[in-house]
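Here is how the chains run, residue by residue.
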Amino acid sequence: MNKFLFDGETWTRSASAVSSNSGKTKYWTVTYTSASGRKFTGGSGATRPTNRRSDPERNWGLPE
């Protein structure tokens, strides 16, 4: 986590990643949160597709 001052407030930046089913691509989400609770989220992971590895109806992403 990184902290910085912006707009008169202390902000915290946090990032997380989820790999694609093949493992070749990572989808990142970055969230900025102010001390007063304002939040902004962005990155390629903000609109990432759902991961089949966590979907039993799609055989957890395993080959057929």
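None of the values given here were measured: they were computed from a predicted structure. (Residues numbered from 1 in each chain as written. Predicted model: local features only at pLDDT ≥ 70, side-chain atom pairs only at ≥ 80, totals over all residues. Heavy atoms only, no water.)

### As for the overall build of the protein
Along its length, the protein carries zero helices and four strands. When its helices and strands are written in sequence order, the protein yields β-β-β-β. When the 64 residues of the protein are sorted by exposure, 12% land in the buried category. Contacts in the protein between residues far apart in sequence, at least 24 positions, make up 21% of those at least 6 positions apart. (Helix = DSSP H or I, 4+ residues; strand = E, 2+ residues; numbered from the N terminus. Buried < 20%, exposed > 50% of the residue type's maximum accessible area, 1.4 Å probe, protein only. Contact = heavy atoms within 4.5 Å.)

### Focus on the environment of Ser44
Topologically, Ser44 is positioned in the segment after β4 (39-42). Considering only alpha carbons, one finds Ser44 and Val30, 14 residues apart in sequence, at a separation of 8.9 Å. Ignoring anything within four residues of it in the chain, the contact list for Ser44 reads Lys26, Tyr27 and Trp28.

### Section: the sheet that holds strand β3 (residues 26-34)
Pairing in this open sheet of four strands is antiparallel, and the strands run β1-β2-β3-β4 from one edge to the other. The strands lining the two open edges of the sheet, one partner per strand, are β1 (2-6) and β4. The average angle at which neighbouring strand axes cross in this sheet is 25 degrees, direction not considered. In this sheet, strand β2 (residues 9-19) lies alongside β1 in antiparallel orientation, the contact comprising five bridges. Pairing of Phe6 across the sheet is with Glu9, part of β2. (Pairing = 2+ DSSP bridges. Axes fitted to C-alpha atoms, helices over the stretch in contact; angles between N-to-C directions.)

### Concerning a nonpolar patch on the surface
On the surface, Phe4, Phe6, Tyr32 and Phe40 cluster together to form a nonpolar patch covering roughly 400 Å² of accessible area. By secondary structure assignment, the location of Phe40 is in strand β4. (Patch = residues over 30% accessible without salt bridge, like charges linked within 9 Å, V, L, I, M, F, W, Y side chains within 5 Å. Areas by Shrake-Rupley, 256 points an atom, 1.4 Å probe, with all protein chains shown as cover. Salt bridge = Lys/Arg side-chain N within 4 Å of Asp/Glu carboxyl O.)

### Some remarks on the confidence of the model for the protein
Chain-level pLDDT for the protein is 80 on average; 69% of the residues reach the 70-or-more range. Averaged pLDDT values over the elements of the protein bottom out at 89 in β3 and peak at 92 in β1. (pLDDT = per-residue confidence, 0-100.)

### Details of the side chain of Glu9
Residue position: Glu9 is located in strand β2. At 2.7 Å, the side chain of Glu9 and the side chain of Ser36 are in polar contact. In this structure the side chain of Glu9 is engaged in a polar contact, spanning 2.7 Å, whose partner is the side chain of Arg38. Among all residues touching Glu9, those that are not within four sequence positions of it are Phe4, Ser34, Ala35, Ser36 and Arg38. (Polar contact = N/O pair within 3.5 Å; in protein donor to acceptor, adjacent residues only side chain to side chain.)

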